[in-house]
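Analysis of the macromolecular model
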Amino acid sequence: MSVLNVEQARSHFPPSPPAAKEVVDRISDYLLNTNVQLGADYSISVQSTQRVLVDGPREAAKLFNAQSPDEIVFGSSSTLNLENLARALESGIQSGDEFIVTGEHEANAGPWKKLAARKGAIVKLWKPSPTVPENPYSTRIVAFTACSNILGSIVPVKEVVKAVRAEAKAKGAKKVEISVDCVAYAPHRFVDVQDWDVDFCVFSFYKVYGPHISGLYVRSSVLENSVTPIVHHFLKVDKVAYKLQPGGPGYEIVYGSTGVIPYLLSLTPKNDLRASFDAIAAHEQTLIKPLISFLIDPVQRERGVRIVGEETVNLDRVPTISFVVVGQRPLKSRAIVDFFDKKGGIGIRYGHFYAYTLVDELTPKIDTDDGVVRISLVHYNTVEEVHKIIAILKEVLA
């Protein structure tokens with residue numbers, strides 16, 4: 001396995017990550033040289049059309065390992081992409097259909113809840129595991145996250161999907177479509193919609209060091225058979241994901257997103273996305289170990305520090321580490337973050353991070369708006385930086 005060169009990775013970023021220079025350069029290039037309307041026959045418009053409608057989906061498809069660029073649609077956020085998808089599926093939803101969702105990232109739960117309310121479907125909460133949800137006969141949609149943006153734990157997507165489909169088939173379910181939220185997964189592991197056998201998948205490009213735009217994968221057979229166009233009636237887009245894209249996305253942002261692949265490929269000499277993500281995962285384990293070791297130390301345990309999520313260090317979790325301070329001397333999560341902010345130089349956050357249901361159901365009960373302290377590390381961070389975080393934590397916990 002290739003070893004990640006952190007300094008080389010950081011050289012691709014301006015002083016304030018996380019947008020790689022390859023992304024910034026493309027956005028600038030588009031605005032300076034091809035910022036015109038698409039679809040005309042003059043040379044600059046031809047180049048602009050190529051960049052937005054061909055290059056953008058083609059490169060995004062690689063990040064999903066999608067079969068075709070025609071299965072990719074862009075939107076301003078993952079929430080909006082899934083809201084559009086829910087609208088496009090609405091005509092095929094019947095009263096009494098069941099939507100199985102999790103209490104994780106609301107982007108992949110809220111749109112299905114609202115669709116259920118509109119159509120009289122039933123929403124059930126589920127903790128994804130190889131144990132399938134109850135009553136799969138009437139299940140229509142299963143939506144879960146590949147990685148928790150609070151717990152940092154990775155869900156075995158392929159195993160879950162296989163179990164759901166097998167049970168649904170055995171019980172005679174007419175149609176089950178599966179939506180996976182990879183917003184917290186994509187920075188840390190390779191996304192593979194074909195191997196997973198999912199119907200929908202979404203992530204945000206800023207999470208993979210790109211611009212603020214989201215990509216949505218929709219399986220081609222589902223595009224043809226389940227998705228109703230939500231674009232202008234005269235557009236001939238029945239078999240492509242563009243049918244889910246009312247109004248064009250920001251052209252320069254779509255082209256900017258094509259800079260993500262070159263950056264990721266630069267992380268190892270192998271020029272292979274899987275190799276890059278293997279190196280990312282291996283390096284991130286070195287970041288997780290000292291921080292979790294500190295947080296679960298008996299001294300911190302006595303102080304009231306509790307990790308929200310798994311306390312083990314292995315490849316089943318990413319370096320998104322959340323905790324609270326409870327007990328006889330509790331600390332507000334906001335107070336801990338404020339302490340870091342006054343110190344400067346390190347950015348951490350507090351709150352529920354749009355995983356409201358998960359945080360609201362934690363025991364012991366905490367203030368949902370204050371939520372958890374979340375420290376989000378990625379591959380360009382160093383062990384030395386983790387020790388700086390630990391030093392400040394020692395101060396605030398004293």
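Calculation rules
- The residue count restarts for each chain, going from 1 along the sequence in the order it is written.
- Only residues with pLDDT of at least 70 are given local features in this predicted model, and only at 80 or more are side-chain atom pairs given and counted; all residues enter the totals for whole chains, interfaces and linings.
- With hydrogens and water excluded, all non-hydrogen atoms of the structure serve as input to the side-chain values.
- Secondary structure elements follow DSSP: runs of H or I of four or more residues count as helices, runs of E of two or more count as strands, with numbering from the N terminus.
- Put simply, the radius of gyration uses C-alpha atoms, and a globule should come to 2.2 Å times the residue count raised to 0.38.
- Note on exposure labels: buried denotes an accessible area under 20% of the residue type's maximum, exposed denotes more than 50%, and partly exposed covers the range between, all computed with a 1.4 Å probe on protein chains only.
- A helix's residues, less one, multiplied by 1.5 Å, set its expected span.
- A contact between two residues is defined here by any heavy atoms of the two lying within 4.5 Å.
- Being paired, for any two strands, means DSSP has found at least two bridges between them.
- To obtain an axis, a line is fitted to C-alpha atoms, over the contacting stretch when the element is a helix, and the angle between two such axes runs from 0 to 180 degrees between their N-to-C directions.
- Within 6.5 Å between ring centres, the rings of Phe, Tyr and Trp (the latter by its six-membered ring) count as paired, and their orientation is classed by plane angle as stacked under 30 degrees, edge-to-face over 60, tilted in between.
- Any Lys NZ or Arg CZ found within 6 Å of a ring centre and within 35 degrees of that ring's normal is scored as a charge over the ring.
- A cavity here means a set of 1 Å grid points, computed over protein atoms only, where a 1.4 Å probe fits but cannot escape. A pocket is an open set with protein on both sides within 12 Å along at least 5 of 7 lines, and lining residues have an atom within 4 Å of a point.
- Grid points are joined across faces, edges and corners, and a volume is the space filled by probe spheres set on the points.
- We call Asp, Glu, Lys and Arg charged. Ala, Val, Leu, Ile, Met, Phe, Trp, Tyr, Cys and Pro are nonpolar, and the rest, Gly among them, are polar.
- Under this rule, positive means Lys or Arg and negative means Asp or Glu; His and the chain ends count for nothing.
- In what follows, salt bridge is the name for a side-chain nitrogen of Lys or Arg lying within 4 Å of a carboxyl oxygen of Asp or Glu.
- Polar contacts, as used here, are pairs of N or O atoms within 3.5 Å; protein pairs need one atom able to donate a hydrogen and one able to accept it. Residues neighboring in sequence count only if both atoms are side-chain atoms.

With that settled, the discussion passes to the overall build of the protein. Helix and strand counts for the protein come out as 15 helices and eleven strands. Taking 2.2 N^0.38 as the reference for a compact globule, 398 residues should give roughly 21 Å; the C-alpha atoms of the protein span a radius of gyration of 22 Å, in line with that estimate. Structurally, the protein occupies a C-alpha span of about 65 × 55 × 35 Å along its principal axes. Looking at the protein as a whole, 54% of its 398 residues are labelled buried.

The next subject is helix H4 (residues 78-89). Relative to the 16 Å expected for twelve residues at 1.5 Å per residue, H4 spans 17 Å between its end C-alpha atoms, a close match to the ideal helical length. Of all the twelve residues making up H4, nine are buried; the element is thus mostly covered by neighbouring parts of the structure. Those residues of H4 that are buried lie in contact with strand E1 (72-75), helix H5 (110-119), strand E4 (139-145), strand E5 (177-181), strand E6 (200-204) and strand E7 (214-218).

Of note, the amide linkage connecting Thr363 to Pro364 takes the cis form, showing an omega dihedral of 0 degrees. Along the polypeptide, Pro364 turns up in the loop between helix H14 (356-360) and strand E11 (372-376). For Asp197, which is not a glycine, the phi torsion comes out positive at approximately 65 degrees. The class for Asp197 is partly exposed, based on a relative accessible area of 30%. Although it is not a glycine, Tyr354 sits at a positive phi angle of roughly 65 degrees. Looking at the element boundaries, Tyr354 is found in the loop between strand E10 (349-351) and H14.

Moving on, we get to the sheet that holds E7. Reading across from one edge, E1-E7-E6-E5-E4-E2-E3 is the order of the seven strands in this open sheet, with mixed pairing throughout. Of all the strands in the sheet, just E1 and strand E3 (122-125) have a single pairing partner and so form its edges. Averaged over all pairs of adjacent strands, the angle between strand axes in this sheet comes to 20 degrees, irrespective of strand direction. By the bridge criterion, four bridges tie strand E2 (residues 98-101) to E3 in an arrangement that is parallel. Looking at the pairing, Phe99 lines up with Val123 of E3.

Counting across every chain of the model gives twelve aromatic pairs. Measuring from centroid to centroid gives 6.3 Å for Trp126 and Phe144, while their planes differ by 85 degrees, and the two rings are edge-to-face. Here Phe144 lies in strand E4 and Trp126 lies in the loop between E3 and E4, a separation of 18 residues in the sequence. Taken together, the aromatic side chains of Phe64, Phe74, Phe203, Phe205 and Tyr217 make up a single cluster linked through ring pairs. Over the aromatic face of Phe353 sits the side chain of Arg374, whose NZ or CZ is 3.9 Å from the ring centroid.

A few words on the layout of surface pockets. Looking at the largest pocket, its volume works out to about 1,600 Å³. Lining the largest pocket are 50 residues, with Tyr206, Lys207, Arg349, Arg374 and Ser376 sitting closest to its centre. For the lining of the largest pocket, the elements supplying multiple residues, two or more each, are H4, H5, E10, E11 and helix H15 (383-397). Per-class residue counts for the lining of the largest pocket are 23 nonpolar, 17 polar and ten charged.

Structurally, the position occupied by Arg317 is in the loop between strand E8 (305-307) and strand E9 (320-325). No salt bridge is formed by the buried Arg317, whose closest oppositely charged neighbour, Glu310, lies at an N-O distance of 7.3 Å. For Arg317, the side chain forms a polar contact with the main-chain oxygen of Glu310, separated by 2.9 Å. For Arg317, the contacting residues outside a window of four places in its chain are Leu151, Gly152, Ser153, Ile154, Arg189, Gln285, Ile288, Ile292, Ile307, Gly309, Glu310 and Thr312.

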